[in-house]
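Spelled out, the chains give:
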Amino acid sequence: MTLLHSRDFFPSGYQPVAIEPRAPQPAFPEHHHEFYEIVIVEQGAGVHVFNGHPYTLNSGSVCFVRDHDRHLFEHTNGLFLTNVLFRAPDAFRFLSGVEHFLPRECNGVYPAHWRIGQQVLQQIKPLINRLTVPPQQECNEEIALHESLFMQLLVQLRQGCMAARGDDQQGRLHRLLDWLQTHYAEPIDWSELAERFGIPLRTLHRQLKNHTNMTPQRYLTHLRLLQARHLLCHSDTSVTDIAFCCGFGDSNHFSTLFKREFSCPPRTLRGQR
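To keep things clear, this report deals only with the structure shown in the data block. Treat the numbers as computed from the prediction; the structure is a model and nothing was measured.

### A look at the packing of aromatic side chains
Scanning all chains against the criterion turns up 12 aromatic pairs. On the numbers, 5.5 Å between centres and 35° between planes, the contact of Tyr36 with Phe86 is tilted. Here Phe86 lies in strand S7 (residues 71-86) and Tyr36 lies in strand S4 (residues 36-50), a separation of 50 residues in the sequence. Assigned by exposure class, Tyr36 and Phe86 land together as buried. Centre to centre, the rings of Phe86 and Phe92 are 6.2 Å apart; their planes meet at 25°, and the pair counts as stacked. Across the pair, Phe92 and Phe86 agree in class, each one buried. Through successive ring pairs, a cluster of aromatic residues spans Tyr36, Phe86, Phe92 and Phe150. The positively charged end of Arg66 is found above the aromatic ring belonging to Tyr110, 3.6 Å away from the centroid.

And the structure:
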């Protein structure tokens, strides 16, 4: 597995933050860093495999990656993102308390994936543009200004995440997406789900397609297939049992969909381990 080194991304020893745009981000093999990273998705779609678990990415996704996390990008489709790199939460010269604005691990669960709305995406662009320019010299004033811009970015991301889970229609859609990420294997009645999250059914279909570039049923199948592939690669569970535990009622239909999605049958993938 590739290790990305700080020296390749922070050209000076005093630079606190570095910006790495990816427009577009191609598929990238599993890797980890000597530094921390915030991934902000501006547009497109893809899959982020984070510590072995697949997550779907689309516009407004924000991912927090620690120095010991391993991750990769695959099935990218016009995925434009910005990577905000920083050495560590306690490695700033003038900032303290940075960890209060980052996800916190609880009972072994690290909530690394947030969502923000389009308005917040537009609001943080000027901050990111200013962070792109590193301090011109090892000067306390220059470095302090750069660090303060990073703190402003963290605060806006946190506020944006909280607002994205509010009770307006966008917040309800984001909560629905998070719910599907966890409950993909359950029988889904879209009418009942629309009522549960307070979104008119036609609006749900339209907004989900706008947000994911897929119809609701296609998106649900995509989530199920991603988890099935993960189990095929990282467990000894039979193909038939994987199909059923991921929400497919028929293993033959599952195999057909899997081959269409990943260009190889599930048994072939299992044999490549």
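Having put the structure on the table, let's press on.
### With respect to the pairing of S7
Relative to S7, strand S2 (residues 17-22) runs antiparallel, the two sharing 6 bridges. Of the residues in S7, the one forming a bridge with Ala18 is Leu85. Alignment of strand S3 (residues 28-33) against S7, held across 2 bridges, turns out to be antiparallel. Pairing of Phe28 across the sheet is with Phe73, part of S7. In this structure, S4 lies alongside S7, joined through 12 bridges in antiparallel fashion. In the strand pairing of S7, Ala45 is matched with Asn77.

### Description of helix H6 (residues 216-234)
With 19 residues, H6 should cover 27 Å at 1.5 Å per step; its first-to-last C-alpha distance of 27 Å lies within 8% of that length. In terms of residue burial, H6 counts as a mostly covered element, since 14 of its 19 residues are buried.

### Brief notes about the environment of Phe248
Mapped onto the elements of the fold, Phe248 is located in the loop between helix H7 (239-245) and helix H8 (251-262). Each C-alpha atom, one on Phe248 and one on Ile40, is 32 Å from the other, the two residues being 208 residues apart in sequence. Those residues in contact with Phe248 that lie beyond four places of it in its chain are Thr221, Arg224, Leu225, Ala243, Phe254 and Leu257.

Cut-off values and rules
Residues numbered from 1 in each chain as written. Predicted model: local features only at pLDDT ≥ 70, side-chain atom pairs only at ≥ 80, totals over all residues. Heavy atoms only, no water. Phe/Tyr/Trp six-rings, centres within 6.5 Å; stacked < 30°, edge-to-face > 60°. Helix = DSSP H or I, 4+ residues; strand = E, 2+ residues; numbered from the N terminus. Buried < 20%, exposed > 50% of the residue type's maximum accessible area, 1.4 Å probe, protein only. Lys NZ or Arg CZ within 6 Å of the ring centre and 35° of its normal. Pairing = 2+ DSSP bridges. Expected span 1.5 Å × (residues − 1). Contact = heavy atoms within 4.5 Å.

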